[in-house]
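Working through the structure, step by step
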Amino acid sequence: MSGIASMTGFARDAGQHEDVAYAWELRSVNGRGLEIRLRLPAGFDALEGPLREAVSRAFKRGNVSASLTLRRSAPSSLLLDEAALDQALARALELARRIPGAAPPRAEALLALPGVLRAASPEPGEAEATALLAAVQAGFARALGSLREARQEEGARLHDVIESLLGEIEVICAHARAVAAAQPARHRDRLHAALAELLDRQPPVPEERLAQEIALLAIRSDVREELDRLGAHVAAARALLAEGGAIGRRFDFLTQEFNREANTLCSKASTLDLTGAGLQMKAAIEQLREQVQNIE
């Protein structure tokens, strides 16, 4: 498995403790730093600190969100709200007196009114609450481990895609180097043809002067230094992949250096072949940058 990790992933863990079923859902997406969002039910605020620490130990970058849902399987008891019942009964009797022949209010109708009966779950004792917190926290640890594995699996896929793009950039560099090697000869031929057309029957330009012009053109369009630097950047990128870990920020900076050299290559290109190679290079580098944005 690759030593790099993606910032994207999803994990879920569900469990049961006594009469309480719980489920964790963890999601992670790209982020410039590490941002943690927790959604916890009432009564679980004590977990927030330890959970944040656990996420911080597991990841260096990414927007990580975690949500906990609970469901009690035991039936809830019903509590009678005496005040609400008295108020409802008084209103019902008053209404019955106003309507001739109206039947007195029935008990089941009064109990069905909103607020008269309400569900009430028994409050857990201190020991039970502590045990539930421990079970929920253990479930979070499992979900966090699954999320880490998901990010690493995605990182392995990224590793293969990035390695393929680096190979593509190397192939384009080799082609550009071959094309660039022929540029001085093309400059000479084009300059000879232009002078012949302009001067026609006039005395020819001395070969020494012609050589100086060709040399100046060759210097201005020399892309060997840019190609050498691009080769060095490819080697640096592979070294980062081999290093692994949280290399995303450094790799992102390196792709900017890639792009800078490709822009210079295009600006110096004096043939359609070399311009085409430069544009292919920029397209491959852009794909590389998009993939690198996902690395932790």
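What counts, and at which threshold
Per chain, residues are indexed from 1 in the order of the written sequence. In keeping with the predicted nature of the model, local features appear solely for residues at pLDDT of at least 70, side-chain atom pairs appear and are counted solely at 80 or more, and the whole-chain, interface and lining totals rest on all residues. As a rule here, side-chain values cover all heavy atoms of the structure and leave hydrogens and water aside. Note: two strands are recorded as paired if DSSP finds a minimum of 2 bridges between them. Numbering goes from the N terminus for both helices and strands, where a helix is a DSSP run of H or I of at least four residues and a strand is a run of E of at least two. Every axis in this analysis is a line fitted to C-alpha atoms, fitted for helices over the stretch in contact. Angles between the N-to-C directions lie between 0 and 180 degrees. Whether two residues are in contact is decided by their heavy atoms: any pair within 4.5 Å suffices. In this analysis, the expected span of each helix is defined as 1.5 Å times one less than the number of residues it contains. Type-normalised accessible area, obtained with a 1.4 Å probe on protein chains alone, sets the label of each residue: buried when under 20%, exposed when over 50%, and partly exposed for intermediate values. Throughout, the arc means the angular range of directions from the helix axis out to the C-beta atoms.

Comments concerning the sheet that holds strand E3 (residues 34–39)
Within the open sheet, the 4 strands sit side by side as E1-E2-E4-E3. Their pairing is mixed. Looking at which strands have only one partner, the edges of the open sheet turn out to be strand E1 (9–17) and E3. When strand polarity is set aside, the average angle formed by the axes of neighbouring strands in this sheet is 10 degrees. Relative to strand E2 (residues 20–29), E1 runs antiparallel, the two being bridged by 9 bridges. From the neighbouring strand, Phe10 faces E2, where its bridge partner is Arg27. On top of the sheet, helix H1 (residues 48–58) reaches E2, E3 and strand E4 (62–72); it is set at about 145 degrees to E3, its chief contact.

Observations regarding helix H7 (residues 224–243)
For H7, which comprises 20 residues, the first-to-last C-alpha distance of 29 Å matches the rise-based estimate of 28 Å (1.5 Å per residue) to within 8%. Within H7, burial applies to Glu226, Leu227, Leu230, His233, Val234, Ala237, Leu240 and Leu241. For H7, the buried positions fall inside an angular range of 130 degrees around the axis, keeping them on one side. In this structure, H7 carries Arg224 and Ala242 as exposed residues pointing more than 90 degrees from its buried face. Among the structural elements, helix H4 (126–181), helix H8 (248–268) and helix H9 (272–292) are those in contact with the buried residues of H7. Within two residues after H7, Gly244 carries a phi angle of roughly 70 degrees, on the positive side.

Section: the pairing of E2
Looking along a regular strand, one sees the side chains alternate between the two faces of the sheet. Judged by how many residues are buried, E2 sits mostly within the fold: 7 of 10 residues are covered. Hairpin connection, E1 to E2: the antiparallel pair is bridged by 2 residues, and Glu18 has positive phi, about 55 degrees. The sheet contact formed by E2 and E4 spans 10 bridges and is antiparallel. Within the sheet, the bridge partner assigned to Val20 lies in E4 and is Arg72.

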